[in-house]
Number of protein chains: 2
Amino acid sequence: MEQETRELRRVGLKVTHPRMRILQIFEEEGVQHLTAEDVYKKLLAEQEDIGLATVYRVLTQFEAAGIVVKHNFEGGQAVYELDRGKHHDHMIDVDSGKVIEFVSEEIERLQHEIAARHGYVLEDHSLVLYVRPKGKGR
Amino acid sequence: MEQETRELRRVGLKVTHPRMRILQIFEEEGVQHLTAEDVYKKLLAEQEDIGLATVYRVLTQFEAAGIVVKHNFEGGQAVYELDRGKHHDHMIDVDSGKVIEFVSEEIERLQHEIAARHGYVLEDHSLVLYVRPKGKGR
DNA sequence: TTCCTTGCAAACGCTTTGCAGGAAG
DNA sequence: CTTCCTGCAAAGCGTTTGCAAGGAA
């Protein structure tokens, strides 16, 4: 409560009920990757009367403020996760839809190298591995 | 003409005018990455009376047939390119929107390694580097 | 003749926006 | 009290689909 209030003030957003509740949802244990609709449904389940449009607006503001990171994985819906500061890429289990995070300094390094080799500076990147549990053939 | 006809027959699609023209557009010199709308506009410019819905349908069929590969880069529109057999990833110049292709055996290898380390088999992946010309600060 | 394919317009799914009332500072 | 925020409904955008007419094999 205190923490969320400070976080919102820090990024210059008014401390409103919808923003507090949405921020809290992302800070719950075990919550990692949520679509706008996931957030909306969680709010409904908690008897909150917050519109889907507001969820989108708040998530967009959170993204601009660096509170949250947005990912455009395959399949329409964008996914959001709290920005905990440490960069990582994602692996998606195509059977279960589960999202696994990973970090590879080696790949990060190679990316910069490749960009440089072509006369560019790496600004950002998107890497997603689509995987299947070992042994469960297609 | 002959070539396209064979290609369509090979994948079991009837040889129709829209399919021929769309395939030809992708085989033009210098053409690499096109959105459905890019294709549609090129057809219009050539006085072809082919609907946008048909372009989408044909591209979807081409993708299923392995004639074309679809990419979901940032920003709404999907991008298609001819599948020339050799896998590669993409680098996007965020200033000009230019798309550059590259291959890194090293990164490919690391991806398999990372998936394996987590008990998975790599089925597919998506890697896009967002870059800016060296020396042109943000 | 028999499917497959096409163009059109309508429908779709996700996201954004205009507006008027309501809350935060 | 002023400005920002919200819910609602409508609009937007890229893509898909139902339908009846038209074309390939």
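Keep in mind that what you see is a predicted model, and the values were worked out from it rather than measured.

(A) Representation of the protein's contact with DNA strand C in the model. As a matter of local geometry, DNA strand C sits amid 20 residues, with Tyr56(A), Gln77(A), Arg19(B), Thr54(B) and Arg57(B) nearest to it. Among all atoms of DNA strand C positioned within 4 Å of the protein, those belonging to sugar or phosphate total 71%. Separating a base nitrogen of DNA strand C from a side-chain N or O atom of Lys14(A) is a distance of 3.4 Å. Between DNA strand C and Arg57(A), the relevant distance is 3.2 Å, taken from a base oxygen to a side-chain nitrogen or oxygen of the residue.

(B) Up close: the protein's contact with DNA strand D. DNA strand D sits among 19 residues. The nearest are Thr16(A), Arg19(A), Thr54(A), Arg57(A) and Tyr56(B). Sugar plus phosphate: this is where 72% of the atoms of DNA strand D within 4 Å of the protein reside. Note that a phosphate oxygen of DNA strand D is positioned 3.5 Å from one of the backbone N or O atoms of Val15(B). Ala78(B) places a main-chain nitrogen or oxygen 2.9 Å from a phosphate oxygen of DNA strand D. If you list the elements that add at least two residues to the surface near DNA strand D, you get α2 (17-27) and α4 (52-64) of chain A together with α4 (52-64) of chain B. Residues that form the surface near DNA strand D fall into these classes: seven nonpolar, five polar and seven charged.

(C) Focus on the sheet that holds strand β6 (residues 120-133) of chain B. Reading across from one edge, β5(A)-β4(A)-β6(A)-β6(B)-β4(B)-β5(B) is the order of the six strands in this open sheet, with mixed pairing throughout. Where the open sheet ends on each side, the last strands, each with one partner, are β5 (99-102) of chain A together with β5 (99-102) of chain B. In this sheet, neighbouring strand axes are inclined to one another by 25° on average, regardless of whether the strands run parallel or antiparallel. Helix α5 (residues 105-117) of chain A rests against β4 (89-93) and β6 (120-133) of chain A together with β4 (89-93), β5 and β6 of chain B of the sheet, and its axis sits at about 135° to β6(A). Packed on one face of the sheet, helix α5 (residues 105-117) of chain B meets β4, β5 and β6 of chain A together with β4 and β6 of chain B and runs near 135° to β6(B).

(D) A look at the nonpolar core. Ranked by internal contacts, the top residues of the largest apolar core, which has 24 residues, are Met91(A), Leu129(A), Val131(A), Met91(B), Leu129(B) and Val131(B). Those elements that place two or more of their residues in this core are β5, α5 and β6 of chain A together with β5, α5 and β6 of chain B. When residues no more than four places from it in sequence are discounted, the contact partners of Val131(B) are Ala115(A), Tyr120(A), Val121(A), Leu122(A), Glu123(A), Met91(B), Ile92(B), Asp93(B) and Val94(B).

(E) Summary view of the interface of chain A and chain B. Each partner contributes residues to the interface: chain A has 34 residues there, and chain B has 33 residues. Both sides together, the interface formed by chain A and chain B hides about 3000 Å², and carbon and sulfur atoms give 64% of it. If you sort the residues of chain A by the area they bury against chain B, Tyr120(A), Glu123(A) and Lys134(A) come out on top, with a joint share of 20%. The tally of links from chain A across to chain B stands at two salt bridges. For Arg132(A), the salt bridge goes to Glu123(B), with nearest N and O atoms at 3.2 Å. Where chain A packs against chain B, one counts 14 residue pairs in polar contact (both at pLDDT 80 or more). When residues of the side of chain A that touches chain B are traced back to their parent elements, those giving at least two are β4, β5, α5 and β6 of chain A. By residue number, the principal contributor to the side of chain A that touches chain B is β6(A), which donates 14 residues. Strand direction decides the pairing type here: β6(A) and β6(B), joined by 13 bridges, are antiparallel. Bridge pairing links Arg132(A) to Val121(B) in β6(B).

(F) Layout of α5(B). Taking 1.5 Å per residue, 13 residues should reach 18 Å; α5(B) reaches 18 Å between its end C-alpha atoms and fits that length. Buried residues of α5(B): Ile107(B), Glu108(B), Leu110(B), Gln111(B), Ile114(B) and Ala115(B), and no others. Relative to the axis of α5(B), the buried residues are bounded by an arc of 165° and lie together on one face. Exposed residues pointing more than 90 degrees away from the buried face of α5(B) are listed as Glu105(B) and Arg117(B). Structurally, α5(B) contributes buried residues whose contacts are with β4, β5, α5 and β6 of chain A together with β4 and β6 of chain B.

Parameters and conventions
- Residues numbered from 1 in each chain as written.
- Chains lettered and ligands numbered in written order.
- Predicted model: local features only at pLDDT ≥ 70, side-chain atom pairs only at ≥ 80, totals over all residues.
- Heavy atoms only, no water.
- Near = heavy atom within 4 Å.
- Polar contact = N/O pair within 3.5 Å; in protein donor to acceptor, adjacent residues only side chain to side chain.
- Helix = DSSP H or I, 4+ residues; strand = E, 2+ residues; numbered from the N terminus.
- Nonpolar A, V, L, I, M, F, W, Y, C, P; charged D, E, K, R; others polar.
- Pairing = 2+ DSSP bridges.
- Axes fitted to C-alpha atoms, helices over the stretch in contact; angles between N-to-C directions.
- Contact = heavy atoms within 4.5 Å.
- Core = buried A, V, L, I, M, F, W, Y, C linked by side-chain atoms within 4.5 Å.
- Buried < 20%, exposed > 50% of the residue type's maximum accessible area, 1.4 Å probe, protein only.
- Buried area = accessible area lost by both parts, 1.4 Å probe.
- Salt bridge = Lys/Arg side-chain N within 4 Å of Asp/Glu carboxyl O.
- Expected span 1.5 Å × (residues − 1).
- Arc of directions from axis to C-beta.

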